[in-house]
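# Fold and contact review
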Amino acid sequence: MNNKEIAILAGGCFWCTEAVFQRLEGVQKVRSGFSGGHIKNPAYREVTTERTGHAEAIEITFDNEVIQFQQLLEVFFATHDPTTLNRQGADKGTHYRSAVFYTSEEQKLISEAYIKQLEEASVFPDKIVTEVTKFEAFYPAEDYHNDYFNQNKEQGYCKFVIQPKIDKLNTYFRKEIKKDFLE
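Everything in this summary refers to the structure shown in the same document. (Residues numbered from 1 in each chain as written. Predicted model: local features only at pLDDT ≥ 70, side-chain atom pairs only at ≥ 80, totals over all residues. Heavy atoms only, no water.)

## Considerations on the overall build of the protein chain
Along the protein chain, the regular secondary structure elements total six helices and eight strands. On C-alpha atoms alone, the protein chain measures out to a radius of gyration of 15 Å, which is about the 16 Å that the 2.2 N^0.38 rule sets for 183 residues. Projected onto its principal axes, the C-alpha coordinates of the protein chain cover approximately 40 × 40 × 40 Å. Within the span of the protein chain, comprising 183 residues, buried residues form 47% of the whole. For the protein chain, contacts bridging at least 24 residues in sequence account for 75% of all contacts bridging at least 6. (Helix = DSSP H or I, 4+ residues; strand = E, 2+ residues; numbered from the N terminus. Rg over C-alpha atoms; globule rule 2.2 N^0.38 Å. Buried < 20%, exposed > 50% of the residue type's maximum accessible area, 1.4 Å probe, protein only. Contact = heavy atoms within 4.5 Å.)

Structure representation (structure tokens):
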């Protein structure tokens, strides 16, 4: 039986989202890259010009018997701001947009239902702007982007932007964190 599933999420800087999701039990692999654009194999420097249409995204390979797509969404919406269009904190531009690139009809339905649930419960003070878009392609980022937080924890961006997301994960999703990453 094949329990492997892929999720493609964009929640601002991929260094942030990668650091969060690689800590979850059942997540087998996380890669930083680009999705949602109109050119093949874009480089980071091209994506940041906003002319390619891509979002910084992560490709999550997970065991759906250990962690469900719904749980990934719960972590996703809790660790970034899904109400700011083309922005996460000081990071601005269309490549920082919030998006779920669904890989199956089931993922689409789960995403839409969860967003509706969050909206109806008024979890956020503003309207959720996360796009739910059919997945077409994922292009891996250059190697130096992968495992960025773990390799650069003392760098300012890591300390002041990524670490608070890890702290939130440790507070609200402690039971879902791999033992190797418990802080």
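## Things to note about the sheet that holds strand β7 (residues 131–134)
One open sheet accounts for six strands, arranged β7-β6-β1-β3-β2-β8; its pairing is mixed. Strands with a single pairing partner mark the edges of an open sheet, and in this sheet they are β7 and β8 (138–140). Here the strands of the sheet are splayed against their neighbours by 35° on average, with no regard to which way each runs. Pairing geometry for strand β2 (residues 27–35) and β8, over three bridges, is antiparallel. Counterpart to S35 in the pairing with β8 is F138. (Pairing = 2+ DSSP bridges. Axes fitted to C-alpha atoms, helices over the stretch in contact; angles between N-to-C directions.)

## With respect to the packing of aromatic side chains
A complete count under the given rule lists six aromatic pairs for this structure. Among the aromatic side chains, those forming a connected cluster through ring pairs are F14, F34 and Y44. (Phe/Tyr/Trp six-rings, centres within 6.5 Å; stacked < 30°, edge-to-face > 60°.)

## Observations regarding the side chain of H145
Its location among the elements puts H145 in the loop between β8 and α5 (148–151). A relative accessible area of 1% means that H145 is categorised as buried. Within the local environment of H145, its side chain forms a polar contact with the side chain of W15, the two groups lying 3.1 Å apart. H145 has contacts with F14, W15, E18, S32 and Y44, leaving out every residue within four places of it along the chain. (Polar contact = N/O pair within 3.5 Å; in protein donor to acceptor, adjacent residues only side chain to side chain.)

## Some points on the pattern of salt bridges
Counted according to the given criterion, the structure contains four salt bridges. Of the charged contacts in the structure, one is a salt bridge between R31 and E59, with a shortest N-O distance of 2.7 Å. Placement of R31 in strand β2 and of E59 in strand β3 (residues 55–63) is noted, with a sequence separation of 28 residues between them. Salt-bridge contacts for E131 lead to R97; the nearest nitrogen and oxygen are separated by 3.0 Å. On the criterion of sequence distance, the pair formed by E131 in strand β7 and R97 in the loop between β5 (91–92) and β6 (98–102) is long-range, its members being 34 residues apart. Given the relative accessible area of 9%, R97 is considered buried. (Salt bridge = Lys/Arg side-chain N within 4 Å of Asp/Glu carboxyl O.)

## Considerations on the nonpolar core
F21, I60, L72 and I162 are the most contacted members of the largest nonpolar core, which has 40 residues in total. Of all the secondary structure elements, the ones that give two or more residues to this core are β1 (4–11), α1 (14–21), β2, β3, α3 (69–78), α4 (105–120), α5 and α6 (156–172). Apart from residues no more than four positions distant in its own chain, I60 is found in contact with E5, I6, A7, L9, F21, V27, K29 and L72. Membership of the second largest hydrophobic core comes to seven residues, among which are I8, A10, A55 and F101. (Core = buried A, V, L, I, M, F, W, Y, C linked by side-chain atoms within 4.5 Å.)

## Quick look at the packing of α3 against α4
For any two helices packed against each other, one specifies the crossing angle of their axes together with the interaxial distance. Across the interface, α3 lies against α4 with an axial gap of 10 Å and an inter-helix angle of 45°. Considering their axes alone, α3 and α4 lie oblique with respect to each other. Crossing geometry of α3 relative to α4 is assigned as right-handed. Within the contact between the two elements, α3 uses F69, Q70, L73, E74 and F77 and α4 uses Q107, I110, S111, Y114, I115 and L118. Its residues placed into classes, the contact of α3 with α4 shows seven nonpolar, three polar and one charged. (Parallel < 35°, antiparallel > 145°, perpendicular 65-115°, else oblique. Left-handed = near helix turned anticlockwise from the far one by under 90°. Nonpolar A, V, L, I, M, F, W, Y, C, P; charged D, E, K, R; others polar.)

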